[in-house]
Amino acid sequence: MRAFNAELSKLFSLPGIWLALLIGAFAPAVIAALDSIAQKEEIIAGVSTRLTEVGYIGLALGVQGVIILGVLAVSSEYLTESSESGGGQQITTSLTVVSSRFLFLLAKAGAVTVISILLCIVAIMTTVSATHLILGEYAPAFEWSKLIGAVCYWTFTALLAFGITILTKNGIIPLAVLIINSSVVSFSVLLSKVTKLAFYLPDRAGAEMFMFTSDRLHTPFTGGVVMFAWVAVIFIVAAIVFHRRDVAS
Amino acid sequence: MSVSSSRKITQILGAELDKLVTLPLIWRTLMGTFILNLGLAAAFTSAGLQGAAGTQSILNIGLASMGYLQAGFIILGIFATCSEYTGGQIRTTLTTIPWRGFQLSTKHLALAIITIPAAFIIAASGVLYTFIMMRDTAVVIEIDTMIESLAGATGYLTLTTLLSAAIGALLRRTTPALVVLLGYYFIVSPLSRDFLHSIKNYFPDTAGYYMYMPPSSDEINVLTPMQGTGISMLWTLIFFTAAIVFYRKRDA
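Small disclaimer: the values here were computed from a predicted structure and weren't measured.

### Let's talk about the pattern of salt bridges
Residues and elements named next belong to chain A.
- Inspection of the entire model under this criterion finds 8 salt bridges over all chains.
- Between Glu 77 and Lys 108 there is a salt bridge; the shortest N-O distance is 3.0 Å. Within this pair, whereas Glu 77 is found in the loop between α4 (64-75) and α5 (90-97), its partner Lys 108 is found in helix α6 (residues 101-135), the two being separated by 31 residues in sequence. Comparing Glu 77 with Lys 108 shows no difference in burial state: the two are buried.

### Overview of a nonpolar patch on the surface
- Taken together, the side chains of Val114(A), Ile117(A), Leu118(A), Ile121(A), Val122(A) and Met125(A) define a hydrophobic patch exposed on the protein surface, amounting to about 480 Å² of accessible area.
- Within the secondary structure layout, Ile117(A) lies in helix α6.

### A short note on helix α2 (residues 24-50) of chain B
- For α2(B), with 27 residues, the first-to-last C-alpha span of 39 Å sits near the 39 Å given by 1.5 Å per residue.
- Regarding α2(B), the residues found buried are Leu25(B), Ile26(B), Thr29(B), Leu30(B), Thr33(B), Asn37(B), Leu40(B), Ala41(B), Ala43(B), Phe44(B), Thr45(B) and Gly48(B).
- Where α2(B) is buried, its residues meet α8 (172-181) and α9 (187-192) of chain A together with α1 (5-21), α3 (58-62), α4 (66-82) and α6 (100-134) of chain B.

### Section: the state of the cysteines
- As enumerated under the stated definition, the model contains 0 disulfides over all chains in all.
- Here Cys120(A) stays free of any disulfide, with the sulfur of Cys152(A) as its closest cysteine sulfur at 8.9 Å.

### Some details on the packing of α6(A) against helix α7 (residues 144-168) of chain A
Residues and elements named next belong to chain A.
- At a minimum axis separation of 9 Å, α6 and α7 run at an interaxial angle of 145°. Between α6 and α7 the crossing geometry is right-handed. Side by side, α6 and α7 meet where Leu 105, Lys 108, Ala 109, Val 112, Thr 113, Ser 116, Ile 117, Leu 119, Cys 120, Ala 123 and Ile 124 of the first sit next to Leu 147, Ala 150, Val 151, Trp 154, Thr 155, Ala 158, Leu 159, Phe 162 and Ile 166 of the second.
- A class-by-class count of the residues in the contact of α6 with α7 yields 16 nonpolar, 3 polar and 1 charged.

### Observations concerning α7(A)
Residues and elements named next belong to chain A.
- The terminal C-alpha atoms of α7 lie 36 Å apart, and with 25 residues this matches the ideal 36 Å at 1.5 Å per residue to within 8%.
- The buried count for α7 comes to 18 of 25 residues, which makes it a mostly enclosed element.
- Note on α7: the residue one or two positions beyond its end, Lys 169, has a positive phi of about 65°.

### Some details on the interface of chain A and chain B
- Facing the 28 residues of chain A at the interface are 26 residues of chain B.
- Summed over both sides, the interface between chain A and chain B buries roughly 2,300 Å², with carbon and sulfur atoms accounting for 83% of that surface.
- Inspection of the region where chain A meets chain B yields 0 salt bridges.
- There are 0 residue pairs in polar contact (both at pLDDT 80 or more) connecting chain A and chain B.
- Contributions of two or more residues to the side of chain A that touches chain B are made by α2 (15-45), α4, α8 and α9 of chain A.
- If one sorts the elements of the side of chain A that touches chain B by residue count, α2(A) sits on top with 6 residues.
- In the side of chain A that touches chain B, the residues fall into 19 nonpolar, 6 polar and 3 charged.

What counts, and where the lines are drawn
Residues numbered from 1 in each chain as written. Chains lettered and ligands numbered in written order. Predicted model: local features only at pLDDT ≥ 70, side-chain atom pairs only at ≥ 80, totals over all residues. Heavy atoms only, no water. Salt bridge = Lys/Arg side-chain N within 4 Å of Asp/Glu carboxyl O. Helix = DSSP H or I, 4+ residues; strand = E, 2+ residues; numbered from the N terminus. Buried < 20%, exposed > 50% of the residue type's maximum accessible area, 1.4 Å probe, protein only. Patch = residues over 30% accessible without salt bridge, like charges linked within 9 Å, V, L, I, M, F, W, Y side chains within 5 Å. Areas by Shrake-Rupley, 256 points an atom, 1.4 Å probe, with all protein chains shown as cover. Expected span 1.5 Å × (residues − 1). Contact = heavy atoms within 4.5 Å. Disulfide = S-S within 2.5 Å. Axes fitted to C-alpha atoms, helices over the stretch in contact; angles between N-to-C directions. Left-handed = near helix turned anticlockwise from the far one by under 90°. Nonpolar A, V, L, I, M, F, W, Y, C, P; charged D, E, K, R; others polar. Buried area = accessible area lost by both parts, 1.4 Å probe. Polar contact = N/O pair within 3.5 Å; in protein donor to acceptor, adjacent residues only side chain to side chain.

In short, the description is geometric, and any link to function would need to be established separately.
If you want it as structure tokens, here you go:
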């Protein structure tokens, strides 16, 4: 529990985390609001086709906040300080204090999980109120099962970012790959046009927990299971690698 | 020791090139971008082959991966300037080269020297792959258009790299710069295209799009490649100027 508290306090003292929280809390609402404005014209014209996903698209794209969170949680530990302050890395201090590597990983993952769940709840509140404000009576119905799916999607994505960054130790590559992949022009959407296997990629499968895509393959539940399997596999690999690796190298 | 100014320029340029070449992440990024681009070109080609035969142009498919490709060059640009600020290298740099505006300009020049061949090779490899795979099915294109488009693509990628380098110099931290630029290029810009019809052509990435895409007839008020180049260049120059102004005023 003390290790968990320490991880929380470390996370909140990172300047980058405020960027992550800001993006996570408000970007979904902004995206949903922009989409609602565009949809409203179509509703009035009577040609709206995808009204049901108006708010959810904000939640699908606004996942960037927790990606930054998951990546920063790990990459900040590996940041080399300037030579004027000793040229050390935080990870050596962290592992001196919490000497069980497994416990350290667990505490950090726990902190990331808790923050992403809370962040997603905040995001859902801002998004739902934004769509209701703009669309009024046309606003899509927000079902609890779908909203829980969105929370799971956010948490799994954060943990995926977390696990990948443990393997790379540097935040740039996972950040770039994951941000692009969760955007409008994602790799998995492109690949799903080539092969059916792409539907088993984590983000494509995970999004089906709450998105209403026309060419879906999974039910919300199996989508969640597929994404969870990815998270579990990456986590086990990351834990083994982290356990066997020299600290700072 | 007094040195003539032309010799000074070559020395500074050599030093900046040296610094860039010895950054391992630059090579990893370029290699990764190259491999990724081939993979994406393969995906786009096979998606294109499944479509109606004989209707698509090789250039459109070969350059479709440009949207993703620019990410690698954004990382390249950010890394070139932000790496100075990790571990206090900037203080060594400014001790040896105390002319700040001069130093940043030569850094951009050195970056351009590395980027231009890399961008050309990577963009051309994608088009070449598509060309080999789709020779029989797609509409044949003239070699002139091909060269024009490749030159445009190279120019666009170079301008994007320099723009990212300028923003990296402004923000001085890798992660925020990366988030801001990737967020803009991959989320804000594609989303806002639907809402801002009138001014969307004047954003750096949409203007740059016309530098390499062969003009299609079904779009209204498109820019010519020259106009696109001009607007992209203007954006890069604005950010570059801002970076120099801040760089000169700020504490190291």
